[in-house]
Amino acid sequence: MTRKSSSISWRKTDDVASRPWTGSVREYDLIKELIIGVVVVGLLVLGVSAIFGSPDEPSVSLKAWATAAPADFTATAAKELAGTSDTAGYGPPYNSTQDATQKIGPVDLQSLSGIRLPVDTANDFVIAPLATLPSPPADLARWTAATDQQRSAWAATYSDALAAAPDSDPAKVADGDYGPVPALTAALLDMARQGSLDGVLQSGGNFYNMDYTRSLLFLGDGGYFPDLAASQHLSGDQWGVMNETGDTPGQSWLWLFSLLYQIEPFKSAPNADALVVVTMLVLTALLALLPFIPGLRSLPRMIPLHRLIWKDYYRNR
Amino acid sequence: MTAQTTPGHGAPVDETDAHTWTGRARRWLLRKLPPDKLLPEDQPSFVASWAYVFGMGAIGSLLWIIVSGIVLGLNGPQWYHVSSLGSFVNSTHLWSVELFFIFMVVHLWLKFWMAAWRGGRLLTWITGVISFVVSIVAAFTGYLLQTNFDSQWIAFEAKDALNAVGVGAWFNVANVGQLFTWHVTLLPVAVGAVVVLHVLLVRVHGVAPPLEAAESDAQLLHNRPGATEPPEPAEPPEATEPRGTVQ
């Protein structure tokens with residue numbers, strides 16, 4: 001009987017690969033191999049853990065930010081009031097900023113969720129926390145009573161003035177019509193330095209909290225937090241997706257995801273995130289369906305590495 | 001449907017028992033995976049390569065991940081920050097994950113070069129890839145649960161990719177409560193289930209023979225009981241697939 005011996009088809013036919021093995025066998029103890037595997041891997045894990053440990057860089061608090069980089073904190077608070085921060089212009093799921101979403105052609109996946117995690121940066125990050133103080137600043141009432149247009153004008157003007165000031169120092173800002181904004185940002189800075197802003201922003205007045213969305217967005221709108229990440233080689237352009245703090249290996253299995261962010265057309269695309277995620281989903285599907293793909297599925301036959309893997313078998317055919 | 005005993009494998013199946021759903025399920029299971037196929041005491045002679053240890057290495061690592069993860073989870077997310085024992089257990093959790101991925105990636109590459117999907121083993125390949133993908137998501141949620149600077153930054157960066165495709169509102173990387181549910185319940189169950197299915201499929205179909213194995217090979221010419229018997233009938237879903245098409 002003549003049978004094809006080198007088929008790489010996934011189909012069940014009448015070849016050697018499709019039928020139960022009827023040739024020579026060797027003794028094999030599944031349970032023993034499992035136990036040996038667990039013991040060997042366990043010793044390896046314990047040994048490597050004892051030698052290298054694991055990193056645990058403490059988290060960054062708003063208090064630490066306000067203390068270490070007060071000018072950056074103040075500038076960020078002004079942007080939150082002006083509605084010019086990254087979060088304020090993010091779009092869904094936080095807000096409805098026009099043309100902020102990442103689209104792929106006409107497809108707008110980002111808008112699918114709607115505004116499910118609403119964030120009003122001025123109110124949630126600055127005004128509402130200040131209102132929780134035992135003695136809220138008097139300027140709070142002036143802000144609250146103003147029109148949206150007036151608020152934006154004050155905050156944007158102050159934000160620009162801060163950017164133009166030497167070292168962005170609030171004390172060196174040129175005179176101007178900033179309304180209550182300098183007083184509000186100064187009060188928020190004090191609140192953060194004393195440590196109370198962390199609790200207020202995280203818990204929103206509740207005892208329990210496990211949702212850090214607002215704190216994280218506010219922290220990320222500043223420059224202090226991303227600078228710390230860059231110093232730990234964690235930025236996106238430093239392959240940070242697959243890095244860990246210190247010298248410990250991180251999620252190195254995300255190398256391809258990280259690689260896409262380093263190359264064109266993804267690197268400079270305004271919708272890079274959407275493009276990278278969709279590309280990875282397509283590539284993952286291709287990997288799962290690889291046995292169906294002509295050419296790719298034939299690589300093992302064209303590049304016969306299998307002769308190394310089964311060299312004893314081929315030697316004794 | 002005609003029930004048949006499986007020659008050479010497993011206990012004989014009593015057809016008369018198979019009149020209920022349960023009986024039919026038992027009959028199907030025993031035909032697919034008789035006990036001596038599930039827990040074999042021998043393997044084809046070609047299963048003597050170093051290439052076969054990586055799958056078992058991945059399973060061994062997964063067991064250590066589960067054990068260390070249970071200890072970490074039962075002590076709560078803050079424990080490892082303040083306890084030296086907790087820090088060590090966290091280290092074992094991290095390194096067993098690193099080893100798990102090393103073993104799994106090597107296993108995946110080797111199975112590619114062995115074209116291990118051949119002869120009706122398509123689902124074994126696909127479940128392997130799925131277990132790899134689900135494991136990546138599980139590890140990602142673990143990194144987000146570190147409650148330290150690394151998890152803060154990963155959450156801040158990762159939200160953009162998830163929001164860009166519309167899932168960030170439900171899979172909120174800054175919501176530690178949500179992440180706990182994913183990391184200590186849903187994803188471990190998913191990884192475990194897919195890995196178990198993958199291993200069972202390996203046992204059902206047996207190990208794929210060498211790519212150029214032929215009837216004329218010494219390993220097949222000898223020790224071949226019932227060589228003249230027709231091939232074992234294919235079972236669904238293979239039975240519905242067109243036969244005879246080979247690459």
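Computed from a predicted model, the values in this text were never measured in an experiment. (Residues numbered from 1 in each chain as written. Chains lettered and ligands numbered in written order. Predicted model: local features only at pLDDT ≥ 70, side-chain atom pairs only at ≥ 80, totals over all residues.)

A short note on the overall build of chain B
Part 1 of the reasoning: When helices and strands are counted, chain B shows 9 helices and 1 strand.
Part 2 of the reasoning: Going residue by residue from the N terminus, the α and β elements of chain B occur as α-α-β-α-α-α-α-α-α-α.
Part 3 of the reasoning: Relative to its full complement of 247 residues, chain B shows a buried share of 43%.
Part 4 of the reasoning: Restricting to contacts in chain B with at least 6 residues of sequence separation, those with at least 24 account for 70%. (Helix = DSSP H or I, 4+ residues; strand = E, 2+ residues; numbered from the N terminus. Buried ≥ 20, exposed ≤ 12 C-beta atoms within 10 Å, placed from the backbone. Contact = placed C-beta atoms within 7 Å.)

Observations concerning the interface of chain B and chain A
Part 1 of the reasoning: Each side of the interface is counted separately: chain B has 102 residues, and chain A has 92 residues.
Part 2 of the reasoning: Residue contributions to the side of chain B that touches chain A peak at 15 residues, all from helix α5 (residues 84-113) of chain B.
Part 3 of the reasoning: Across the side of chain B that touches chain A, the residue classes tally to 56 nonpolar, 30 polar and 16 charged.
Part 4 of the reasoning: Pairing of strand β1 (residues 25-27) of chain A with strand β1 (residues 42-44) of chain B involves 3 bridges; the strand directions are antiparallel. Counterpart to R26 of chain A in the pairing with β1 of chain B is Q43 of chain B. (Nonpolar A, V, L, I, M, F, W, Y, C, P; charged D, E, K, R; others polar. Pairing = 2+ DSSP bridges.)

Quick look at the domain arrangement of chain A
Residue and element names in this part refer to chain A.
Part 1 of the reasoning: Under the domain assignment, chain A is made up of domain 1 (62-231) and domain 2 (240-317).
Part 2 of the reasoning: For domain 1 and domain 2, the distance between their C-alpha centres works out to 40 Å.
Part 3 of the reasoning: Listed as interface residues are 5 residues of domain 1 and, on the opposing side, 6 residues of domain 2.
Part 4 of the reasoning: Broken down by class, the residue content of the side of domain 1 that touches domain 2 amounts to 3 nonpolar, 1 polar and 1 charged. (Domains from an automatic or database assignment.)

Notes on the confidence of the model for chain A
Part 1 of the reasoning: Chain-level pLDDT for chain A is 92 on average; 98% of the residues reach the 70-or-more range.
Part 2 of the reasoning: Note on residues 1-5 of chain A: pLDDT is under 50 here. Beyond four places in sequence and across chains, it has 12 contacts. (pLDDT = per-residue confidence, 0-100.)

Here we look at the confidence of the model for chain B
Residues and elements named next belong to chain B.
Part 1 of the reasoning: This prediction gives chain B a mean pLDDT of 86; 83% of its residues lie at or above 70.
Part 2 of the reasoning: The low-confidence segment residues 1-10, where pLDDT is below 50, has 16 contacts with residues more than four positions distant or belonging to other chains.
Part 3 of the reasoning: Scored below 50 in pLDDT, residues 226-247 shows 27 contacts in the model against residues more than four places distant or in partner chains.
Part 4 of the reasoning: Per the prediction output, this complex has pTM 0.89; the corresponding ipTM is 0.92.

Overview of the packing of helix α4 (residues 121-131) of chain A against helix α7 (residues 181-194) of chain A
Residue and element names in this part refer to chain A.
Part 1 of the reasoning: In contact at an axis separation of 10 Å, α4 and α7 are set at 75° when each is read in the N-to-C sense. Taken as axis vectors, α4 and α7 run roughly perpendicular relative to one another. In this structure, α4 uses V126, P129 and L130 to contact α7, whose residues at the interface are L184, A187, L188 and M191.
Part 2 of the reasoning: By residue class, the composition of the contact of α4 with α7 is 7 nonpolar, no polar and no charged. (Axes fitted to C-alpha atoms, helices over the stretch in contact; angles between N-to-C directions. Parallel < 35°, antiparallel > 145°, perpendicular 65-115°, else oblique.)

Observations regarding the nonpolar core
Part 1 of the reasoning: Among the nonpolar cores identified, the biggest contains 106 residues, and A78, L81, V126 and L188 of chain A together with F100 of chain B are the most heavily contacted of them.
Part 2 of the reasoning: Per-element accounting of this core gives the leading share, 11 residues, to helix α6 (residues 122-144) of chain B.
Part 3 of the reasoning: When neighbours within four sequence positions are excluded, A78 of chain A is seen to be in contact with A155, Y158, S159, L162, V181 and T185 of chain A. (Core = buried A, V, L, I, M, F, W, Y, C linked by C-beta atoms within 7 Å.)

Digging into the packing of helix α8 (residues 196-203) of chain A against helix α9 (residues 213-221) of chain A
Residue and element names in this part refer to chain A.
Part 1 of the reasoning: One can describe the packing of α8 onto α9 by two numbers: an axis separation of 7 Å at closest approach and a directional angle of 125°. The orientation of α8 with respect to α9, classified from their angle, is oblique. Across the interface between the two elements, D198, L201 and Q202 of α8 pack against R214, S215 and F218 of α9.
Part 2 of the reasoning: Residue composition of the contact of α8 with α9, grouped by class: 2 nonpolar, 2 polar and 2 charged.

A look at the environment of E98 of chain B
Part 1 of the reasoning: Secondary-structure assignment places E98 of chain B in helix α5.
Part 2 of the reasoning: A C-alpha to C-alpha distance of 22 Å links E98 of chain B and T181 of chain B, two positions 83 residues apart in sequence.

So, α8 of chain A
Residue and element names in this part refer to chain A.
Part 1 of the reasoning: Buried within α8 are the following residues: L197, V200 and L201. For α8, the buried positions fall inside an angular range of 95° around the axis, keeping them on one side.
Part 2 of the reasoning: Close packing links the buried residues of α8 with α2 (62-68), α4, α7 and α9.
Part 3 of the reasoning: G204 sits one or two positions beyond α8 and adopts a positive phi of about 55°. (Arc of directions from axis to C-beta.)

Section: helix α3 (residues 70-82) of chain A
Residues and elements named next belong to chain A.
Part 1 of the reasoning: Given a rise of 1.5 Å per residue, 13 residues ought to cover 18 Å, and the 18 Å separating the end C-alpha atoms of α3 matches this to within 8%.
Part 2 of the reasoning: Judged by how many residues are buried, α3 sits mostly within the fold: 10 of 13 residues are covered.
Part 3 of the reasoning: Turning to α3, its buried residues number three or more, namely F73, T74, A75, T76, A77, A78, K79, E80, L81 and A82.
Part 4 of the reasoning: On the buried face of α3, the contacting elements are α2, α4, α6 (148-164), α7 and α9.
Part 5 of the reasoning: Trailing α3 by a residue or two, G83 shows a phi angle of about 75°, which is positive. (Expected span 1.5 Å × (residues − 1).)

Details of unusual backbone geometry
Residues and elements named next belong to chain A.
Part 1 of the reasoning: Between P92 and the following residue, P93, the backbone shows a cis peptide bond with an omega angle of 10°.
Part 2 of the reasoning: When you line up the elements, P93 lands in the loop between α3 and α4.
Part 3 of the reasoning: A cis geometry characterises the amide bond from E264 onward to P265, with omega recorded as 5°.
Part 4 of the reasoning: Note on placement: P265 falls in the loop between α11 (255-262) and α12 (272-288).
Part 5 of the reasoning: Phi at D167 takes a positive value of approximately 60°, unusual for a residue other than glycine.
Part 6 of the reasoning: Along the chain, D167 turns up in the loop between α6 and α7.
Part 7 of the reasoning: One non-glycine residue, S168, lies in positive phi territory at about 55°.
Part 8 of the reasoning: Note on placement: S168 falls in the loop between α6 and α7.

Structural notes on the environment of D72 of chain A
All names here are of chain A.
Part 1 of the reasoning: You can see D72 is positioned in helix α3.
Part 2 of the reasoning: Along the sequence, D72 and A163 sit 91 residues apart, while their C-alpha atoms lie 9.8 Å from each other.
Part 3 of the reasoning: In this structure D72 touches G222, G223 and Y224, once residues within four positions along its chain are discounted.

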